[in-house]
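Residues per chain, in single letters:
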Amino acid sequence: MSQSVSQPAPPHGRAIALVAHDLKKPALVAWCGRHLDQLRRFPLIATGTTGGRIQDAFPELQIERMKSGPQGGDQQIGARIVEGRVMALIFFVDPLTPMPHDVDVKALTRIATVYDIPCAQSSVTADCILYAIRDGHIAVG
């Protein structure tokens, strides 16, 4: 018999996860630049390549980098969601380019849905999530 154990959020609060497909990485970097003041306040995690691009553009942001998406980074972020350590997933998806690791992408968005984590797939929905965090509609801790 297995028991469900609730994992407490880390003392510094839950993270915002940042992920983007290759052709959407510039858009996510630009989005981060528009929201630096708010993003500085929270722990950030990202898949490897995406996190590297954001870190290069904005070295003042502290980003914990996972593996790249196709090498398991999506699953690492999914595990953080299951552990209760992620408050929102910002995932800029490229719907027009076939992805060989599409099943990984679906698994990540599925786990975000299962755990009721807000998931933005465009800059407009990402803006809405940040406004909801700012206004206290999404718990940070």
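Residues numbered from 1 in each chain as written. Predicted model: local features only at pLDDT ≥ 70, side-chain atom pairs only at ≥ 80, totals over all residues. Heavy atoms only, no water.

The name an unreviewed UniProt entry gives the chain is Methylglyoxal synthase, with Blastochloris viridis as the organism. According to its UniProt record, the chain has this under Function (unreviewed entry): "Catalyzes the formation of methylglyoxal from dihydroxyacetone phosphate." Check the Sequence similarities (unreviewed entry) section of the UniProt entry for the chain; it says "Belongs to the methylglyoxal synthase family." (UniProt positions renumbered as here; feature names shortened; annotations may be inferred.)

Chemist: I would appreciate a short explanation of the nonpolar core in the present structure.
Modeler: Nonpolar side chains in soluble globular proteins tend to be buried together. Counting 27 residues, the largest nonpolar core has Ile 16, Leu 18, Leu 28, Trp 31, Ile 54, Ile 90 and Ile 133 as the members making the most contacts within it. Those elements that provide at least two residues to this core are strand 1 (15–20), helix 1 (25–34), helix 2 (36–39), strand 2 (44–46), strand 4 (86–92) and helix 6 (123–134). The biggest single contributor to this core is helix 6, with 5 residues. Those residues in contact with Ile 133 that sit more than four places away from it in its chain are Ile 16, Gln 38, Phe 42, Met 87, Ala 88, Ile 138 and Val 140. Core analysis: the second largest hydrophobic core is formed by 16 residues, Ala 15, Ile 45, Val 93 and Ile 111 among them. (Core = buried A, V, L, I, M, F, W, Y, C linked by side-chain atoms within 4.5 Å. Buried < 20%, exposed > 50% of the residue type's maximum accessible area, 1.4 Å probe, protein only. Helix = DSSP H or I, 4+ residues; strand = E, 2+ residues; numbered from the N terminus. Contact = heavy atoms within 4.5 Å.)

Chemist: Mind showing me how you'd approach helix 1 here?
Modeler: In an α-helix, one full turn covers 3.6 residues, which means residues spaced three or four apart are oriented alike. Regarding helix 1, the residues found buried are Lys 25, Leu 28, Val 29, Trp 31 and Cys 32. Seen end-on, helix 1 carries its buried residues on one side only, within an arc spanning 160 degrees. Along helix 1, the residues that are exposed and aim more than 90 degrees away from the buried face are Pro 26 and Arg 34. Buried residues in helix 1 make contact with strand 1, helix 2, helix 3 (48–57), strand 4 and helix 6. (Arc of directions from axis to C-beta.)

Chemist: Looking at this model, I keep getting lost on the packing of helix 4 (residues 73–82) against helix 5 (residues 102–114). Mind explaining?
Modeler: The geometry of a pair of packed helices is captured by two quantities: the angle between their axes and the separation between those axes. Where helix 4 meets helix 5, the axes come as close as 9 Å, and the angle between the chain directions of the two elements is 10 degrees. Between helix 4 and helix 5, the interaxial angle falls into the category roughly parallel. Counting all contacts with helix 4, which are made through Asp 74, Gln 75, Ile 77, Gly 78, Ile 81 and Val 82, the residues of helix 5 involved are Asp 104, Val 105, Leu 108, Ile 111 and Ala 112. (Axes fitted to C-alpha atoms, helices over the stretch in contact; angles between N-to-C directions. Parallel < 35°, antiparallel > 145°, perpendicular 65-115°, else oblique.)

Chemist: Sorry if this is basic, but what is going on with a nonpolar patch on the surface here?
Modeler: Nonpolar side chains collect at one region of the surface, where Val 82, Val 114 and Tyr 115 lie side by side and expose about 260 Å² of accessible area between them. Along the chain, the position of Tyr 115 falls in the loop between helix 5 and strand 5 (119–120). You can call Tyr 115 partly exposed: its relative accessible area is 40%. (Patch = residues over 30% accessible without salt bridge, like charges linked within 9 Å, V, L, I, M, F, W, Y side chains within 5 Å. Areas by Shrake-Rupley, 256 points an atom, 1.4 Å probe, with all protein chains shown as cover. Salt bridge = Lys/Arg side-chain N within 4 Å of Asp/Glu carboxyl O.)

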